[in-house]
Amino acid sequence: MFALMDGWIWVSVLGMILSAAEGEKKMTGVVGGNITLPHPVKNKGFLIYNSANIASVKNRIFEILEKIYTDKISWDDKTGFFTIDNLQKNDSGNYTVDCKDGNGFHDYRVTVYDAAPPPAVRRLNSSDGCLLECRVEEKTELSWYKDEQILNQSSSGLSLLLTVQEQDFSSSYRCVAANPAESKTLPVDAETSCREENKAGSLEGTNSGHHWVIVVSIVSVLIVILASWMIKRKFLGQQRNNQTNTKQEKNCLHSSEPDEVSGLERGDLETQQTLC
């Protein structure tokens with residue numbers, strides 16, 4: 001019996017030595033994605049996260065040992081692989097698949113990253129060829145490719161420039177934004193981007209021109225409104241003066257009529273005549 005136990009101990013130790021020799025495998029994932037740990041547990045074993053058992057398989061029956069991992073960790077009874085779903089940054093850490101079927105254990109260092117930002121390309125003003133700018137919203141690795149050749153690269157930045165000469169317009173270009181977990185590629189048709197923009201200027205120049213047109217239009221409308229108001233005001237003032245003069249003239253004509261009036265009325269008329 002002791003000899004049998006010693007044999008199992010030696011087998012376990014040998015499995016640990018072989019697993020350690022293989023080393024820790026590094027794996028990367030993206031927030032919202034999933035990772036499958038490629039070490040099978042067919043009949044019995046455990047999934048360990050930072051030294052804590054979080055899932056187990058016994059007699060081909062899968063069980064979650066920590067409630068927070070319900071609907072997050074799954075086990076494929078055909079391949080024997082554990083999968084971690086809906087990855088978040090706090091899922092980064094050390095995972096161990098401990099197989100009790102004789103395959104030993106395997107360690108995995110998992111790091112979860114945000115998704116790589118999507119790149120966008122625009123043309124800038126330049127007197128030397130067609131100047132293209134690849135931009136992203138968050139700092140990441142950026143690369144410009146011509147066919148399969150890297151022309152320009154930045155390990156961490158928000159933008160990366162590339163000058164394309166007219167004789168190279170027909171080549172295939174692409175801007176790639178990447179992090180350790182994934183990459184996103186934007187193909188660029190230099191023939192279209194450079195020749196069309198060449199007619200109307202760069203995107204920035206075009207936008208600036210549009211802004212000036214809008215400002216000039218608004219100012220012109222305000223000037224027209226102000227001029228109309230001033231002309232109308234002047235016309236109304238002249239109209240009021242004409243009405244006043246006409247009324248005074250009528251009063252003067254009426255006061256000069258040779259009607260018989262009383263002495264008091266005659267005095268008032270004389271006063272009006274004096275005013276006229």
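Refer to the structure printed above.
### Section: the overall build of the chain
- Across its full length, the chain holds four helices and 14 strands.
- Out of the 276 residues in the chain, the part that is buried amounts to 26%.
- Carbon together with sulfur atoms contributes 54% to the accessible area of the chain, which is approximately 18,700 Å² in total.

### Brief notes about the sheet that holds strand β2 (residues 35–37)
- The three strands lie next to each other as β2-β7-β6, forming an open sheet whose pairing is antiparallel. Pairing within the sheet leaves two strands with one partner each, and these edge strands are β2 and β6 (73–75). Shown here is a sheet whose adjacent strand axes are inclined to one another by a mean of 25°, direction ignored.
- Pairing between β2 and strand β7 (residues 82–84): three bridges, direction antiparallel. Along β7, the bridge assignment pairs Leu37 with Phe82.

### Digging into the sheet that holds strand β4 (residues 52–58)
- Strands sit in the order β1-β9-β8-β3-β4-β5 across an open sheet of six strands; the sheet is mixed. Each having just a single partner strand, β1 (25–30) and β5 (61–64) make up the two edges of the open sheet. Averaged over all pairs of adjacent strands, the angle between strand axes in this sheet comes to 20°, irrespective of strand direction.
- Across five bridges, strand β3 (residues 44–49) lies against strand β8 (residues 93–99) in antiparallel orientation. By the bridge assignment for β8, Gly45 is matched with Cys99.

### Things to note about the packing of aromatic side chains
- Tallied over the entire structure, the rule returns four aromatic pairs.
- On the basis of an interplanar angle of 50° and a centroid distance of 6.3 Å, the ring pair of Phe62 and Phe82 is categorised as tilted. Pair noted here: Phe62 is in strand β5 and Phe82 is in strand β7, with a separation of 20 residues, a long-range link.
- Overall, Phe82 belongs to the buried group, its relative accessible area being 0%.
- A network of ring pairs unites the aromatic residues Tyr49, Tyr69 and Tyr95 as a single cluster.
- The side chain of Arg174 reaches across the aromatic face of Tyr145, ending 4.3 Å from its centre.

### What about the state of the cysteines?
- Applying the stated rule across the entire model yields two disulfides.
- Cys130 shares a disulfide with Cys194; S-S distance 2.0 Å. Taking the sign of the torsion about the S-S bond as the criterion, the disulfide between Cys130 and Cys194, at about -85°, is left-handed. With Cys130 in strand β11 (residues 130–146) and Cys194 in helix α2 (residues 190–200), the pair connects residues that are 64 residues apart, well separated along the chain.
- A relative accessible area of 1% means that Cys130 is categorised as buried.
- Overall, Cys194 belongs to the buried group, its relative accessible area being 2%.
- Cys134 shares a disulfide with Cys175; S-S distance 1.7 Å.

### Thoughts on the pairing of β8
- Among the seven residues that make up β8, six are buried, leaving the element largely enclosed by the rest of the structure.
- Across seven bridges, β8 lies against strand β9 (residues 104–113) in antiparallel orientation. From the neighbouring strand, Asp98 faces β9, where its bridge partner is Phe105.

### So, the nonpolar core
- By size, the foremost hydrophobic cluster in this structure holds 21 residues, and its most contacted members are Leu37, Leu47, Phe82 and Tyr95.
- Going through the elements one at a time, β2, β3, β4, β6, β7, β8 and β9 are the ones with two or more residues in this core.
- Discounting chain neighbours no more than four positions away, the residues touching Leu37 are Met27, Leu47, Phe81, Phe82, Tyr95, Val97 and Tyr108.
- Of all hydrophobic cores here, the second largest spans 16 residues; its members include Cys130, Leu142, Cys175 and Cys194.

Thresholds, definitions, all that
- Residues numbered from 1 in each chain as written.
- Predicted model: local features only at pLDDT ≥ 70, side-chain atom pairs only at ≥ 80, totals over all residues.
- Heavy atoms only, no water.
- Helix = DSSP H or I, 4+ residues; strand = E, 2+ residues; numbered from the N terminus.
- Buried < 20%, exposed > 50% of the residue type's maximum accessible area, 1.4 Å probe, protein only.
- Areas by Shrake-Rupley, 256 points an atom, 1.4 Å probe, with all protein chains shown as cover.
- Pairing = 2+ DSSP bridges.
- Axes fitted to C-alpha atoms, helices over the stretch in contact; angles between N-to-C directions.
- Phe/Tyr/Trp six-rings, centres within 6.5 Å; stacked < 30°, edge-to-face > 60°.
- Lys NZ or Arg CZ within 6 Å of the ring centre and 35° of its normal.
- Disulfide = S-S within 2.5 Å.
- Core = buried A, V, L, I, M, F, W, Y, C linked by side-chain atoms within 4.5 Å.
- Contact = heavy atoms within 4.5 Å.

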